[in-house]
Amino acid sequence: MTATPGLGTPRLASPELLRSVFRRHAAGVAVITAPGEPGPVGFTATSLTSVSAEPPMLSFGIGTGASSWPAVSRAGHVGVHILGEHQRELAATFARSGADRFGPPTVWREGPEGVPVLDGVLAWLACRVVARVPAGDHRLVLAEVVAGDPAGAGRPLLYHQGRFTALRD
């Protein structure tokens, strides 16, 4: 391995290297929801990606050890919510292990295809799961959009350097 001029000494691949590099990558914040037994499940995701415009398709990653994985592994449809900068607490709630994610103060309703839809988000989509692709200790979920609403007000919430933050002008 050779050093790149102007940069530090390269490190061998490891989980910590990947985490360190991605802390420098600003990402939008989404919450993924799914119907489940005995109630809905959800988690905060920064891995949301647009995959295809025709048909409209997206992807997100979920760890197979996540509490939401059993429901997502069986769900035919999921909800995808783009959070606004005013929703840091909501993002933290859905990221926290053991939290009552759908209890107060979370406001939600059943949306198209039975997916839980969160109120007050910048935008949301209901999506049909078309594939769950193994990727290490995660699954990459591919989902086709079936309905949604892009009309929420506000600016997007970001995740950077291990914390939720907002855009700066």
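In this report, the structure presented in the accompanying data block is examined.

### What about helix H3 (residues 88-95)?
Moving on, step 1. Every buried residue of H3 is accounted for by Leu90, Ala91, Thr93 and Phe94. The buried residues of H3 all sit within an arc of 160° when viewed along its axis, so they share a single face.

### Overview of the sheet that holds strand S3 (residues 41-45)
Moving on, step 1. Spatial ordering of the open sheet is given by S3-S2-S6-S9-S10-S5-S4, a layout of seven strands whose pairing is antiparallel. Looking at strand neighbours, the two that pair on one side only are S3 and strand S4 (49-53), the edges of this open sheet. If you compare each strand with its neighbour and ignore which way they point, the axes differ by 35° on average.
Moving on, step 2. Judged from the four bridges that link them, S4 and strand S5 (residues 56-63) form a sheet pairing that is antiparallel. Looking at the pairing, Thr49 lines up with Ser59 of S5.
Moving on, step 3. Of the strands in this sheet, strand S2 (30-34) and S3 are in contact with H3, which crosses S3 at around 115°.

### Some details on the sheet that holds strand S1 (residues 27-28)
Moving on, step 1. Strands sit in the order S1-S11-S12 across an open sheet of three strands; the sheet is antiparallel. With partners counted over all chains shown, the strands left at the sheet margins are S1 and strand S12 (163-166), one partner each.
Moving on, step 2. Of the strand pairs in this sheet, strand S11 (residues 157-160) and S12 are connected by four bridges, and their pairing is antiparallel. Bridging across to S12, Leu157 finds its partner in Ala166.
Moving on, step 3. Against the sheet, H3 touches S11 and S12, its axis set at about 155° to S12.

### A short note on the environment of Leu140
Moving on, step 1. Relative to the elements of secondary structure, Leu140 occurs in strand S10 (residues 138-149).
Moving on, step 2. It is 17 Å that separates the C-alpha atoms of Leu140 and Phe22, two residues lying 118 residues apart in sequence.
Moving on, step 3. Setting aside residues no more than four positions away along its own chain, Leu140 makes contact with Ser59, Phe60, Gly61, Ala131, Arg132 and Val133.

### Some thoughts on a nonpolar patch on the surface
Moving on, step 1. Together, Leu18, Val21 and Phe22 make up a nonpolar patch on the protein surface, roughly 300 Å² of accessible area in all.
Moving on, step 2. Tracing the backbone shows Leu18 in helix H1 (residues 15-23).
Moving on, step 3. You can call Leu18 exposed: its relative accessible area is 52%.

### Comments concerning the packing of aromatic side chains
Both the distance between ring centres and the angle between the ring planes are used here to describe each pair of aromatic rings.
Moving on, step 1. In this structure the tally under the stated criterion is four aromatic pairs.
Moving on, step 2. Taking the centre distance of 5.9 Å and the plane angle of 55° together, the rings of Phe43 and Phe60 count as tilted. Taken as a pair, Phe43 in strand S3 and Phe60 in strand S5 lie far apart in primary sequence, 17 residues in all. Summarising the burial analysis for this pair, Phe43 and Phe60 share the class buried.

### Notes on the side chain of Thr33
Moving on, step 1. You can see Thr33 is positioned in strand S2.
Moving on, step 2. In this structure the side chain of Thr33 is engaged in a polar contact, spanning 2.6 Å, whose partner is the backbone oxygen of Pro116.
Moving on, step 3. With sequence-adjacent residues up to four places away left out, Thr33 is seen in contact with Val41, Gly42, Val78, Gly79, His81, Phe94, Phe102, Pro116 and Leu118.

### Quick look at the pattern of salt bridges
Moving on, step 1. Evaluation of the coordinates by the stated rule reveals five salt bridges.
Moving on, step 2. Asp119 is paired through a salt bridge with Arg109; the nearest N and O atoms lie 3.8 Å apart. Linking Asp119 in the loop between strand S8 (116-118) and strand S9 (123-135) with Arg109 in strand S7 (residues 108-110), this pair joins segments that are ten residues apart in sequence.
Moving on, step 3. Taking relative accessible area as the criterion, Asp119 reaches 35% and is therefore assigned partly exposed.
Moving on, step 4. Taking the relative accessible area as the measure of exposure, Arg109 reaches 41% and is therefore partly exposed.

Scoring rules and cut-offs
Residues numbered from 1 in each chain as written. Predicted model: local features only at pLDDT ≥ 70, side-chain atom pairs only at ≥ 80, totals over all residues. Heavy atoms only, no water. Buried < 20%, exposed > 50% of the residue type's maximum accessible area, 1.4 Å probe, protein only. Helix = DSSP H or I, 4+ residues; strand = E, 2+ residues; numbered from the N terminus. Arc of directions from axis to C-beta. Pairing = 2+ DSSP bridges. Axes fitted to C-alpha atoms, helices over the stretch in contact; angles between N-to-C directions. Contact = heavy atoms within 4.5 Å. Patch = residues over 30% accessible without salt bridge, like charges linked within 9 Å, V, L, I, M, F, W, Y side chains within 5 Å. Areas by Shrake-Rupley, 256 points an atom, 1.4 Å probe, with all protein chains shown as cover. Salt bridge = Lys/Arg side-chain N within 4 Å of Asp/Glu carboxyl O. Phe/Tyr/Trp six-rings, centres within 6.5 Å; stacked < 30°, edge-to-face > 60°. Polar contact = N/O pair within 3.5 Å; in protein donor to acceptor, adjacent residues only side chain to side chain.

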